[in-house]
Amino acid sequence: MYHSKITGLGYYVPDNIVTNDDLSKIMDTNDEWIQERTGIQERRHIIRGEDTTTSMGVKAAAIAIERSGVAKEDIDFVIFATLSPDYYFPGPGVLVQRDLGLRTVGALDVRNQCSGFVYAVSIADQYIKTGMYKNILVIGSEVHSTGLDMSTRGRGVSVIFGDGAGAAVMSREEDTTKGILSTHLHSEGQHAEELALQAPGMGKRWITDIIADNDPNDESYYPYMNGQFVFKNAVVRFSEVINEGLQANNLQVSDINMLIPHQANLRISQFIQQKFKLTDDQVYNNIQKYGNTTAASIPIALTEAWEKGKIKEGDLVVLAAFGSGFTWGSVIIRW
């Protein structure tokens, strides 16, 4: 059996910077309030007509492929993680296959929100380990800005999220001491409605229902988040799944060279850092600049950390995420 290894990384974020002060002009909020609760200073929003979830994913993927040294013709499979596809269907995986000019390879869409990239990496790892594929393109990309309630009513959620994309090429590695050592995935669907966007959906409220009601107070098509409940669950599950990954590989917290947590809230990351007694050099956060980009947050942060030389060959890198579903997971990597 083989291992899989990340051979190329790339990310793309829109040029349009939206600061906390910018948001204070359209809703009742301020920089101090946002930073105190989330750590976020600014985020990126697309300009309509210039970027989409797919186009950002394509731009990030092109960088990752170039850096990997893998020819486009040698990409065997595409996995695209997002909660914000361009279309209700088809998903963006096939659009990436088209826009990058790849062969008629398979394309899979992953809908696991904040943990989407971790789930996608785990799926790619299994395909490569079993020998089915040699090179897989994994993308996390999100456009939140066009689907948020950008008013005082929606400020508790809308100030948190940003747009962007990250990508990785995962390739076969015959040295089983390197690459992805293990992945660990979990879910707890009883709390699904605590962080959700329920409409439009086939189950309760489809577009025809929304149009028929024409209710200006209907918030079902905006994201809902029980913030305190999510925070309390996140800090527990983050800790559990990081420890699970370490124990599965007979490793200690002291072995971690770099932890890349999903960028949900800086306060969550700081809580985990303090609990594990990790230094600032052992944890990478960039939510201050980009906000929560959901499935894109880990690949963006991972790419930035690598570009800055914070991840070197032989390092133990841990990816961990928690989000809507509830779903959570971790990836343990020997770089």
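Per an unreviewed UniProt entry, the protein goes by the name Beta-ketoacyl-[acyl-carrier-protein] synthase III and belongs to Flavobacterium enshiense DK69. Checking UniProt for the protein, the heading Catalytic activity (unreviewed entry) contains the comment "malonyl-[ACP] + acetyl-CoA + H(+) = 3-oxobutanoyl-[ACP] + CO2 + CoA".

Regarding the UniProt feature "domain: Beta-ketoacyl-[acyl-carrier-protein] synthase III N-terminal" (unreviewed entry) in the protein
Under the feature "domain: Beta-ketoacyl-[acyl-carrier-protein] synthase III N-terminal" (unreviewed entry), the UniProt entry names residues 108-189. Note that residues 108-189 is 22% helix and 37% strand, and that its end C-alpha atoms are spaced 22 Å apart.

Looking at unusual backbone geometry
The omega torsion across A199 and P200 is 0 degrees, close enough to zero to call that bond cis. With respect to the helices and strands, P200 occurs in the loop between strand 9 (195-196) and helix 7 (207-213). Look at the link from G325 to F326: it is a cis peptide, with omega at -20 degrees. Relative to the helices and strands, F326 resides in the loop between strand 12 (316-323) and strand 13 (327-334). Despite not being glycine, N214 has its phi angle at roughly 45 degrees, a positive value. Among the secondary structure elements, N214 is positioned in the loop between helix 7 and strand 10 (224-225). In this model, K277 sits at a positive phi of 55 degrees, which is unusual for a non-glycine residue. Among the secondary structure elements, K277 is positioned in the loop between helix 9 (266-276) and helix 10 (287-290). Relative accessible area serves as the criterion here: at 72%, K277 is assigned to the exposed category.

Looking at the nonpolar core
For soluble globular proteins, nonpolar side chains are generally found buried alongside one another. The biggest cluster of nonpolar side chains holds 34 residues, and the ones touching the most others in it are I260, L302 and V317. Looking at which domains feed residues into this core, each of domain 1 (3-176) and domain 2 (180-211 + 219-334) supplies at least three. In this structure, L181, V230, A234 and V241 belong to the second largest nonpolar core, which totals 25 residues.

Observations concerning the sheet that holds strand 12
With mixed pairing, four strands are arranged side by side in an open sheet as 8-13-12-11. A strand with exactly one partner marks an edge of an open sheet, and here the two such strands are strand 8 (179-187) and strand 11 (258-261). Neighbour-to-neighbour, the strand axes of the sheet open up by a mean angle of 10 degrees, direction not taken into account. As judged from the four bridges shared by strand 11 and strand 12, these two strands associate in the parallel manner. The residue bridging P261 from the neighbouring strand is A320, located in strand 12. Each of strand 8, strand 12 and strand 13 is contacted by helix 5 (residues 116-129), which is oriented at about 130 degrees to strand 8, the strand it contacts most.

Looking at helix 4 (residues 92-99)
Within helix 4, the full set of buried residues consists of P92, G93, L95, V96 and Q97. Taken together, the buried residues of helix 4 touch helix 3 (53-68), strand 4 (77-81), strand 5 (106-110) and strand 6 (135-142). Of the residues trailing helix 4, G101 is marked for its positive phi of about 70 degrees.

Here we look at a nonpolar patch on the surface
A grouping of Y88, F89 and M202 is seen on the molecular surface, where their side chains present a nonpolar patch of about 440 Å² in accessible area. If you trace the backbone, M202 turns up in the loop between strand 9 and helix 7.

Looking at the pattern of salt bridges
The full count for this structure, using the stated rule, is 15 salt bridges. For D99, the salt bridge is made with R98, and the minimal N-O distance between the two is 2.8 Å. With a relative accessible area of 41%, D99 lands in the partly exposed category. Between R237 and E240 there is a salt bridge, with its nearest N and O atoms 2.8 Å apart. Residue R237 and its partner E240 are located together in helix 8 (residues 227-248), separated by three residues, close to a single helical turn. Owing to a relative accessible area of 19%, R237 belongs among the buried residues under this scheme. Connected through salt bridges with shared partners, the residues E188, R237 and E240 form a single ionic network.

Cut-offs and rules
Residues numbered from 1 in each chain as written. Predicted model: local features only at pLDDT ≥ 70, side-chain atom pairs only at ≥ 80, totals over all residues. Heavy atoms only, no water. UniProt positions renumbered as here; feature names shortened; annotations may be inferred. Helix = DSSP H or I, 4+ residues; strand = E, 2+ residues; numbered from the N terminus. Buried < 20%, exposed > 50% of the residue type's maximum accessible area, 1.4 Å probe, protein only. Core = buried A, V, L, I, M, F, W, Y, C linked by side-chain atoms within 4.5 Å. Domains from an automatic or database assignment. Pairing = 2+ DSSP bridges. Axes fitted to C-alpha atoms, helices over the stretch in contact; angles between N-to-C directions. Contact = heavy atoms within 4.5 Å. Patch = residues over 30% accessible without salt bridge, like charges linked within 9 Å, V, L, I, M, F, W, Y side chains within 5 Å. Areas by Shrake-Rupley, 256 points an atom, 1.4 Å probe, with all protein chains shown as cover. Salt bridge = Lys/Arg side-chain N within 4 Å of Asp/Glu carboxyl O.

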